[in-house]
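# Understanding the architecture of this molecule
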Amino acid sequence: MFTVKASLTHTPSRRKRREVVENDSFAAFARRIIRAHGRRVAAGDVEALRDLVALSASIDDAIGDAVIGLRAFGYSWAEIGSRLGISKQAAQQRWGSQS
């Protein structure tokens, strides 16, 4: 019989959440890359226009993944909506069926 250490499978509770310090820097990096891609398209790379537009769908998917993860981590719809500048009802309507 195989056993797995509980510490390897345990999802940390919200109270024990890991402190993330690089979010602002990481987001700024992502914004710089997206803007650089836009400038590349603007400089005549018409073939890359479709790829740039596809980033919008990827960002929407990433937001959905983030919201689902935050809900699993114990965050309320009100907390998530507050960070997004929308009501808890709007957040739940938009992402509730995905969780």
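In this convention, every chain numbers its residues from 1, walking through the sequence in written order. Predicted model: local features are reported for residues with pLDDT of at least 70 only, side-chain atom pairs are reported and counted for 80 or more only, and whole-chain, interface and lining totals are derived from all residues. Just so you know, side-chain values use all the structure's heavy atoms and leave hydrogens and water out.

By the naming in an unreviewed UniProt entry, the chain is Sigma-70 family RNA polymerase sigma factor, taken from Micromonospora fulviviridis.

### Focus: the overall build of the chain
Within the chain, the secondary structure is distributed over five helices and zero strands. Along the chain direction, N to C, the helices and strands of the chain fall in the order α-α-α-α-α. The rule is simple: take the accessible area with a 1.4 Å probe, protein chains only, and divide by the maximum for that residue type; under 20% is buried, over 50% is exposed, in between is partly exposed. Counting all 99 residues of the chain, 10% fall into the buried class. Working rule for contacts: check all heavy atoms of both residues, and any pair within 4.5 Å makes them a contact. Residue pairs in contact within the chain that sit at least 24 positions apart in sequence constitute 37% of those at least 6 positions apart. Numbered from the N terminus, helices here are DSSP runs of H or I no shorter than four residues, and strands are runs of E no shorter than two.

### Remarks on a nonpolar patch on the surface
Where nonpolar side chains cluster on the molecular surface, the patch consists of F26, F29 and I33 and spans about 330 Å² of accessible area. With respect to the element layout, F26 can be found in helix 2 (residues 23–42). According to the relative accessible area criterion, F26 is exposed, its value standing at 58%. What goes into a patch is any residue over 30% in relative accessible area without a salt bridge, connected to like charges within 9 Å or, for nonpolar side chains (Val, Leu, Ile, Met, Phe, Trp, Tyr), within 5 Å. The protein chains shown are the only cover counted for residues, whose accessible areas, like all others here, come from Shrake-Rupley with a 1.4 Å probe. What counts as a salt bridge is simple: a side-chain nitrogen of Lys or Arg found within 4 Å of a carboxyl oxygen of Asp or Glu.

### Quick word on a positive patch on the surface
We treat Lys and Arg as the positive residues and Asp and Glu as the negative residues; His and chain ends play no part in the count. Charge placement uses NZ in Lys and CZ in Arg. For Asp and Glu, CG and CD serve respectively. A surface patch of like charges, here positive, comprises R31, R32, R35 and R39. With respect to the helices and strands, the residue R32 is situated in helix 2.

### Looking at the environment of I34
Secondary-structure assignment places I34 in helix 2. With relative accessibility at 34%, the residue I34 sits in the partly exposed group.

### Section: the nonpolar core
We call a set of buried Ala, Val, Leu, Ile, Met, Phe, Trp, Tyr and Cys residues a nonpolar core when their side-chain atoms join them within 4.5 Å. Of all hydrophobic cores here, the largest spans six residues; its members are V67, Y75, W77, I80, A91 and W95. Counting only elements with at least two residues in this core, the list comes to helix 4 (77–84) and helix 5 (88–95). Ignoring anything within four residues of it in the chain, the contact list for W95 reads I63, G64, V67, W77, L84 and I86.

### Description of the pattern of salt bridges
This model, assessed by the stated rule, comprises one salt bridge. Here D45 and R40 are joined by a salt bridge, their closest N and O atoms 3.7 Å apart.

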